[in-house]
Amino acid sequence: MSCGTRTVLDETHQFSNNCWKRFEPTEFTIPAVNPDNAYRISLTLRYDTTKLTTKELPMVIKFFADSNERQTIMPDFQLRDQKGKLLGKTVGQYCTVSDTIDHYRKFSHAAPY
């Protein structure tokens, strides 16, 4: 989401057999950005609570631009609070949780990432 224009970019990926292949990257496209703006990057995850039981999910997120610009962040996506209670909305064994993984991401030039 762009802090200046409040534009929400929404891209969904569904995994076969509800299984995320952790060593295969999942790609999302951010259209051309304005280098004068800072961006808040959030992620929503729907998962099976019987299969993913950890409190957090470590991630490696890489931003690439055609100009060979590379940026990497390594957030921990929070699934449960400190007491182990699920964060997000639960329906049956599935939980949908959102987390802001970067509150202030700046890009060096206008380009798709």
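About the criteria used
Residues numbered from 1 in each chain as written. Predicted model: local features only at pLDDT ≥ 70, side-chain atom pairs only at ≥ 80, totals over all residues. Heavy atoms only, no water. Pairing = 2+ DSSP bridges. Helix = DSSP H or I, 4+ residues; strand = E, 2+ residues; numbered from the N terminus. Axes fitted to C-alpha atoms, helices over the stretch in contact; angles between N-to-C directions. Buried < 20%, exposed > 50% of the residue type's maximum accessible area, 1.4 Å probe, protein only. Lys, Arg positive; Asp, Glu negative; His and termini not counted. Salt bridge = Lys/Arg side-chain N within 4 Å of Asp/Glu carboxyl O. Polar contact = N/O pair within 3.5 Å; in protein donor to acceptor, adjacent residues only side chain to side chain. Contact = heavy atoms within 4.5 Å. Core = buried A, V, L, I, M, F, W, Y, C linked by side-chain atoms within 4.5 Å.

Draft legend 1. Examining the sheet that holds strand β1 (residues 39-48) more closely. Here three strands make up an open sheet; going across it, the order is β1-β7-β6 and the pairing antiparallel. Strands at the two margins of the open sheet, each flanked by one partner only, are β1 and β6 (89-91). Across the sheet, the mean angle separating the axes of adjacent strands is 20 degrees when strand polarity is ignored. As paired strands, β1 and strand β7 (residues 94-105) are joined by nine bridges and run antiparallel to one another. Note that in β7 the partner of Tyr39 across the bridge is Arg105.

Draft legend 2. Examining the side chain of Arg80 more closely. Tracing the backbone shows Arg80 in the loop between β5 (76-78) and β6. No salt bridge is formed by the buried Arg80; its nearest oppositely charged neighbour, Asp81, is found at 7.7 Å. Here the side chain of Arg80 touches Thr53 through a polar contact of 3.5 Å, landing on its backbone oxygen. At 3.1 Å, the side chain of Arg80 forms a polar contact with the backbone oxygen of Gly84. In this view, Arg80 contacts Thr49, Leu52, Thr53, Thr54, Lys55, Lys85, Leu86 and Leu87; residues no more than four positions away in its chain are not counted.

Draft legend 3. Fine view of the nonpolar core. Core analysis: the biggest nonpolar cluster contains 20 residues, and Phe63, Phe77, Leu79, Phe107 and Tyr113 have the highest contact counts within it. Elements that contribute at least two residues to this core include exactly β1, β3 (61-64) and β7.

Without other data, these values stay purely geometric and don't point to any function.
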